[in-house]
Structure formats: structure tokens, C-alpha cells
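As a plain string of letters, each chain reads:
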Amino acid sequence: MFPNKKTPLLDKIKTPAELRQLDRNSLRQLADELRKETISAVGVTGGHLGSGLGVIELTVALHYVFNTPKDALVWDVGHQTYPHKILTGRRDRIRTLRQRDGLSGFTQRAESEYDAFGAAHSSTSISAALGFAMASKLSDSDDKAVAIIGDGSMTAGMAYEAMNNAKAAGKRLIVILNDNEMSISPPVGALSSYLSRLISSRPFMNLRDIMRGVVNRMPKGLATAARKADEYARGMATGGTFFEELGFYYVGPVDGHNLDQLIPVLENVRDAKDGPILVHVVTRKGQGYAPAEAAKDKYHAVQRLDVVSGKQAKAPPGPPSYTSVFSEQLIKEAKQDDKIVTITAAMPTGTGLDRFQQYFPERMFDVGIAEQHAVTFAAGLAAAGYKPFCCLYSTFLQRGYDQLVHDVAIQNLPVRFAVDRAGLVGADGATHAGSFDLAFMVNLPNMVVMAPSDERELANMVHSMAHYDQGPISVRYPRGNGVGVSLEGEKEILPIGKGRLIRRGKKVAILSLGTRLEESLKAADRLDAQGLSTSVADMRFAKPLDEALTRQLLKSHQVIITIEEGALGGFATQVLTMASDEGLMDDGLKIRTLRLPDRFQPQDKQERQYAEAGLDADGIVAAVTAALQRNSKPVEVVELTTKVTEDMTL
Ligand SMILES: Cc1ncc(C[n+]2csc(CCOP(=O)(O)OP(=O)(O)O)c2C)c(N)n1
Ligand SMILES: CC(=O)[C@@H](O)[C@H](O)COP(=O)(O)O
Ligand SMILES: [Mg+2]
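Just so it is clear, the model here is predicted, and its values are computed rather than measured.

Calculation notes
Residues numbered from 1 in each chain as written. Chains lettered and ligands numbered in written order. Predicted model: local features only at pLDDT ≥ 70, side-chain atom pairs only at ≥ 80, totals over all residues. Heavy atoms only, no water. Near = heavy atom within 4 Å. Polar contact = N/O pair within 3.5 Å; in protein donor to acceptor, adjacent residues only side chain to side chain. Nonpolar A, V, L, I, M, F, W, Y, C, P; charged D, E, K, R; others polar. Domains from an automatic or database assignment. Helix = DSSP H or I, 4+ residues; strand = E, 2+ residues; numbered from the N terminus. Salt bridge = Lys/Arg side-chain N within 4 Å of Asp/Glu carboxyl O. Buried < 20%, exposed > 50% of the residue type's maximum accessible area, 1.4 Å probe, protein only. Axes fitted to C-alpha atoms, helices over the stretch in contact; angles between N-to-C directions. Parallel < 35°, antiparallel > 145°, perpendicular 65-115°, else oblique. Left-handed = near helix turned anticlockwise from the far one by under 90°. Contact = heavy atoms within 4.5 Å. Buried area = accessible area lost by both parts, 1.4 Å probe. Pairing = 2+ DSSP bridges. UniProt positions renumbered as here; feature names shortened; annotations may be inferred.

1. Quick look at the site of ligand 1
For ligand 1, the set of nearby residues contains 22 residues, the closest of which are Ala120, Gly152, Ser153, Lys285 and Glu371. One nitrogen or oxygen atom from the side chain of Asn180 is found 2.9 Å from an oxygen atom belonging to ligand 1. When its residues are assigned to classes, the shell around ligand 1 shows eight nonpolar, ten polar and four charged. Both domain 1 (8–292) and domain 2 (320–474) contribute no fewer than three residues apiece to the shell around ligand 1.

The following block contains the structure:
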């Protein structure tokens, strides 16, 4: 189908300005070529495919109708923007997608002037576009701001916070609701049924509506009244009334794959005298590529592809993923305990809860992209005597932090948090890195924070969580596969706050939290070979810290290394705070903390990201060597040379 991909028009058109010179037939041809190029590129790189295929025509129409980049296109999530990137001067780099020094898999301001706003976490586009629109209004400019938000992303509360505020933007804000009736999995909730009713209860806009200029022919008052009458005449459920109550003119539904509908509607909306306007565009995720159209997930995210057959490259057989170990163990626990319930925020496959749902459909809740709600919903379930496992990626848990503090920790409710994709995640880059959950969890009173060193430890921790109800407890684990230890036999209920000594030495002690244990043991071998007898502990708990084990290690070694897959403020802070509180550093003990760097790391392979962060055997050996080279003569007091600021009034 695509072996001799020919894209003569796409080869010619280098910018949206050139695209805007094309006639309608050429635009249709350009869209076909753009679809081929998108499939071909993702075939090489892997990545997000289905959503980009669903917006091929919409992307062409947006760049044709709006004067980009002066008019700002603000994409939501940004996983659908590979076609946008190809059309905006990045075609030559599109096969570097999601790789070291390559294009990001989402929009990034630093990457192109056509990427008005960075994205990756969903439901931010209307807020950001509103910012652009108000800036345009304040500077008396006519530039438009166009948010393109999916039906899944429309299930997050942040979208309504923005719409609630949007009226003031008037005609400068346009929201394109890209409704493909899919999130990563089928969408959930009342909004999804409402949108389906909107689509099914009225035909696509007809030429009459479009030629009548929809909203810009009638004076404002009459337009609204006429439309309300029209909507109510056709029955409440069929109008765009929900959006109109929020202050938007609703236009649609529009066929998102038909340029003859899209372009005139968008031109009308662009030239409207009033606003804000929401255009309800109906698309199909995976459109135009049979393997994607046939797939249950519409090829939301794929490995490298044989584009002709649609077959994805298979990962070599190996140990199970941490996600699958988590979900299989939780299924075992739930078979023994009918109080166990689970919550996901639109990520059933990513968290492994789709497996759980096969066994316990009534005990798995997919709340949509609504992490704040997920956390407090779990708190309500816990308060009512259930054992909720709230399963969120680390990076998306950031959305529910106030709920974690206010609704869970303060009330000391026994919510269990399964924090997946903790640490660096590779191809998704900085926006998806699970860097901060250790820091934001260890400082919460009542919270228990665990990190397994391998997949068996994870299974033990899930088993322990099912039996712990003294308060909130969390386990965090990385994207990817285990190390290959056996999962056979009974699981242990771990004593809370107890680590384990893996290897006994005399001079150097490595306190490892999480799956850096393997690298710590490799480093210990190399340090022993240099005559530096090295202890290694798997600390298991960032909170409560195993103070007895920590105290013993700090008192019996000269050099202490802490290592964790998290940023400043996590496990190391616990150790340093205890050491300082107990004066364990007063006699020259050398402590070096290895953690993620204080910068956002771009996409790369996970292990290269960790190597760059110094969180591998090389990094550990280098830290120990540097510590030992620094001679530790007694602290000599030096004179304080800094001048007291003249105007300082004490
Ligand atoms: C806050 C947040 N939670 C979860 C995700 C994971 N995620 C990425 S895309 C997606 C589905 C988005 O659905 P929709 O907006 O309809 O876009 P489509 O994929 O259908 O084009 C989800 C849940 C995310 N990016 N951000
Ligand atoms: C776009 C988005 O946010 C998700 O598709 C995310 O990329 C999934 O990450 P995993 O591939 O780690 O499940
Ligand atoms: Mg969708």
C-alpha cells in the first residue's frame, strides 16, 4: 500500500503560507499525502498514531483557514500533532520523533513557532488558548486563539474551569472539540453519552447552515434567541445547549474528514463577529489506515510498524512488566477480599486495570481523565470502609496532589496508591517523567511510601498494602520490565518501615531505594575490586525510613551513598534529615546523594536517561571515588567575607 510512497505535493509545500495558496482539490491531495507520510514515519519510529490519523483533514483545514502562526493553534495533549509538525517545517525530522536529540512526541514551544503552547498532560488547551485570546484582546489585535481538544480531554475538570471563564474572550477564542468517541480506551461518563446524542440526533451541518454564515449574520441577541428556540424545538438533548450555557456558540456537528464542510465552517467561525465559539468536529481515530481502524485501541500508541501489514515490532521475550505484576497480584488479593476496589483515570490498559476489570467489572472504576476526582473518590470509598487502590501514573498523580493532602492524608484514610511510571520513562520525555512523587509523598504526615527493587518485591508490597489499613500507603514502580526473579510461592506481608541488608561491607554503604538496586550491586562489585569493602541495603521504604538500619550503616561506614529514581527532596532528604538530627555527620562522615538532576530531561532511552543522571554503576563509583579523594581534614573555620548589606535593618 505504501512501499512506493509518493508525496509530490507534500514535497513541494514547505510552510502553511504556501499551503494557503492551494485550491480545494490540491488540499484534498495534500491531506492524502500527509496521511501516507504520517503512517510511514510512525512505521519507523513508533509512537502515537491513531489520534494523528484522525485529524489529518482538520490539521490541513486549520492551517488553511487560520493565519498560523499569528493565529495560535493550541493542541490538547499534543499526541495528535505529528501531521501538524510535518506541515510546519519539521517533515525532514519527523523520523527522529521521540528519540534522543529528536522531535518531541508532543508540542513544544522551543521546537517551532507553530507550537504556540507545550502540551502532553491533557485538558490544558482551552486555558492556554484563553490566555492567548485575552492577550490579543488586551493588545487590540485580531489574532485568534484556537484550542483543539479531544472528547477524552474534555472529561477533565480543567476544561470547564477554562470554559467558565471564556466569555470575556469573545470572538478571539475558538474551541475545536475533536470528537472521535475515543479516549485511549472507549470514553466514559455522562459527557461522552451527551456528545454521542449530539452527533446521532442531528445530521452534519448542511450547506444551508454553512452558507447562512451560522453565527455571524444575525445580531447577537437574535442569534442566541433564535438558536435557543431552534435547539429547544429540536429537543433539549440535540442542541449544543450544554456548551451554550457555558457561554459558547455551539456549531456542529461537522464532518471532520470532509474539507468541503470543514473549510467553510472554519472560515465562518474565523470571521464571526461574536464568540467564543465551539465547533463540534466528528472524526474517527485511526482514519484511513485499515490496521488502525480495525484495532480496539485504534493504534493509540504503537511500536515500530510494518506499514503494509500493520504488524507491530514485538519486544523480545523477557521478565514481566511491573504493571502486569502489579495487576496480577491485585487480582489475587481481590479474590480473597471483596472490599478491594480499583480506580483509574482513563488509563485502564496503561495501569493493567483492564485485566482486573475482566475478573471484577463492578469493582473497577474508570473515572475519565479526572485525577483530582479519582483521588477524592477513592478517599470516599475508604471512608465508607472499602479498600480502594487508586492507580495513577506518577506524572498524572501530580494533578491530584491537593486531594492527596486534604482528602486523604489529613483524614488519615486508608487509600492505597499504585504509582506507575515512577522515575524516568524514556520516549515520552520530561512531561511524563515520574520524578516528583517521592518528594511530594515523603513530606506528608501519615503517608507510607514504598519502592520495590524488583518484581517480587512489588508483589510483596501489593500483598502488604491489601492488609494495611492504618492510613494511606503508596507503592511506586517504573515503566518497563522486572529483572527476572521468581514470582512463585507465598508473598510476604512486609514489616512497615523495615529495609533489608543485601550485602555486608566495611567502608562504603549504598542505601538504594527502588530498582536502582541492580546498579548498586554492580557498583559494589567494582568498588570491592578496588579494595573498598561495600555494603548494599535495599531500603524498601522512603517513609517511614528504617532508622535503625540507617543509623547502623551511617555509624559503621566512612562513605554513604543514597540512590533513588526521584528528584531532590525524596528519600535522600529522609536520610540527611535523620543524620543531621542525630549529629551523625558531625565527625566527618561523607554522604553523597544520587538523585535526578535539577533539570527536565528530554526524551531518550530510559537507561541512557539514567546514565545521564548519574544513577547507574558508573555514577555510583564516580561519587564514591570523588568523596574519597576529598581529604577530610577537620573543618577549619574560615573568615566570613560576605559584606552585611548596608540597608539591612536588624
Ligand atoms: C492529565 C492526563 N491524564 C492522562 C493522560 C493520558 N492520555 C493521553 S491521551 C489520552 C486520551 C485523550 O483522549 P482524547 O482527548 O479524546 O484524544 P484522542 O486520543 O481521542 O485523539 C489520555 C488519557 C494525559 N495525557 N494527561
Ligand atoms: C499521550 C499519553 O499521555 C499516553 O498515551 C502516554 O504516552 C502513555 O504512556 P505509556 O506508553 O507509558 O503507557
Ligand atoms: Mg478522543
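2. Observations regarding unusual backbone geometry
Most peptide bonds take the trans form, and the phi angle of most residues other than glycine is negative. The amide bond that connects Gly252 to the next residue, Pro253, takes the cis arrangement and shows omega of -5 degrees. Relative to the helices and strands, Pro253 is located in strand β5 (residues 249–255). Across the junction of Lys543 and Pro544, the peptide omega takes the value -10 degrees, indicating a cis bond. Relative to the helices and strands, Pro544 is located in the loop between β19 (541–543) and α24 (547–556). Here Arg98, not a glycine, exhibits a phi torsion of approximately 65 degrees, which is positive. Following the sequence through the fold, Arg98 ends up in the loop between α6 (82–90) and α7 (125–138).

3. With respect to the pattern of salt bridges
Inspection of the entire model under this criterion finds 32 salt bridges. A salt bridge links Arg91 to Glu37, with the nearest nitrogen and oxygen atoms 3.0 Å apart. Highlighted residues: Arg91 in the loop between α6 and α7 and Glu37 in helix α3 (residues 24–45), separated in sequence by 54 residues. Both residues of the pair, Arg91 and Glu37, count as buried. Across the pair Arg90 and Glu111 runs a salt bridge whose closest N-O atoms are separated by 2.9 Å.

4. What about the packing of helix α23 (residues 517–529) against helix α27 (residues 617–629)?
With their axes 8 Å apart at the nearest point, α23 and α27 run at an angle of 45 degrees to one another. Relative to α27, the element α23 is oriented oblique. For the pair α23 and α27, the sense of crossing is right-handed. On the side of α23, the interface is formed by Glu519, Ser520, Lys522, Ala523, Arg526 and Leu527, while α27 contributes Ala617, Asp618, Ile620, Val621 and Val624. Grouping the constituent residues of the contact of α23 with α27 by class yields six nonpolar, one polar and four charged.

5. As for the domain arrangement of the protein chain
Parsing the protein chain into structural domains produces domain 1 (8–292), domain 2 (320–474) and domain 3 (498–628). Taken residue by residue, the interface counts 18 residues in domain 1 and 17 residues in domain 2. Counting the surface lost from both domain 1 and domain 2, the interface buries some 1,300 Å², and carbon and sulfur atoms represent 53% of this. Between the two partners, domain 1 and domain 2, sit one salt bridge.

6. What about the sheet that holds strand β2 (residues 72–75)?
What the five strands build is an open sheet, ordered β2-β3-β4-β6-β5; its pairing is parallel. Single-partner strands in this sheet number two, and they are β2 and β5. Sheet twist, expressed as the average angle between the axes of neighbouring strands with direction ignored, equals 20 degrees. Judged from the six bridges that link them, strand β4 (residues 173–179) and strand β6 (residues 277–282) form a sheet pairing that is parallel. Considered in β6, the bridge of Ile174 is made with Ile277. Each of β2, β3 (145–150) and β4 touches α7; the most contacted strand, β3, lies at about 175 degrees to it.

7. Thoughts on the sheet that holds strand β16 (residues 500–503)
A sheet is described by the order of its strands in space; here five strands give the open sequence β16-β18-β17-β20-β21, paired in mixed fashion. Each edge of the open sheet is held by one strand with a lone partner, namely β16 and β21 (590–594). Mean inter-strand twist for the sheet, computed between neighbouring axes without regard to direction, equals 20 degrees. Where strand β20 (residues 559–563) and β21 come together, five bridges link them in parallel fashion. Counterpart to Ile561 in the pairing with β21 is Arg592. The sheet strands contacting α24 are β16, β17 (508–512), β18 (534–538), β20 and β21, and the helix crosses β17 at an angle near 155 degrees.

8. Regarding the UniProt feature "binding site: Mg(2+)" in the protein chain
Look at the UniProt record and you will see "binding site: Mg(2+)" annotated at Asp151 and Asn180. Over a stretch of 30 residues, the named residues converge on one spot in the fold, their C-alpha atoms separated by at most 6.9 Å. Summarising the element assignment, Asp151 is placed in the loop between β3 and α8 (157–164). Look past the residues within four positions of Asp151 in its chain and what remains in contact with it is Leu177, Asn178, Asp179, Asn180, Glu181, Met182, Pro187, Leu191 and Leu195. Judged by relative accessible area, which is 12%, Asn180 ranks as buried. Setting aside residues no more than four positions away along its own chain, Asn180 makes contact with Asp151, Thr283, Arg284 and Lys285.

9. Focus on the environment of Arg599
Secondary-structure assignment places Arg599 in the loop between β21 and α26 (606–612). Note on Arg599: relative accessible area 43%, which makes it partly exposed. Each C-alpha atom, one on Arg599 and one on Asp338, is 44 Å from the other, the two residues being 261 residues apart in sequence.

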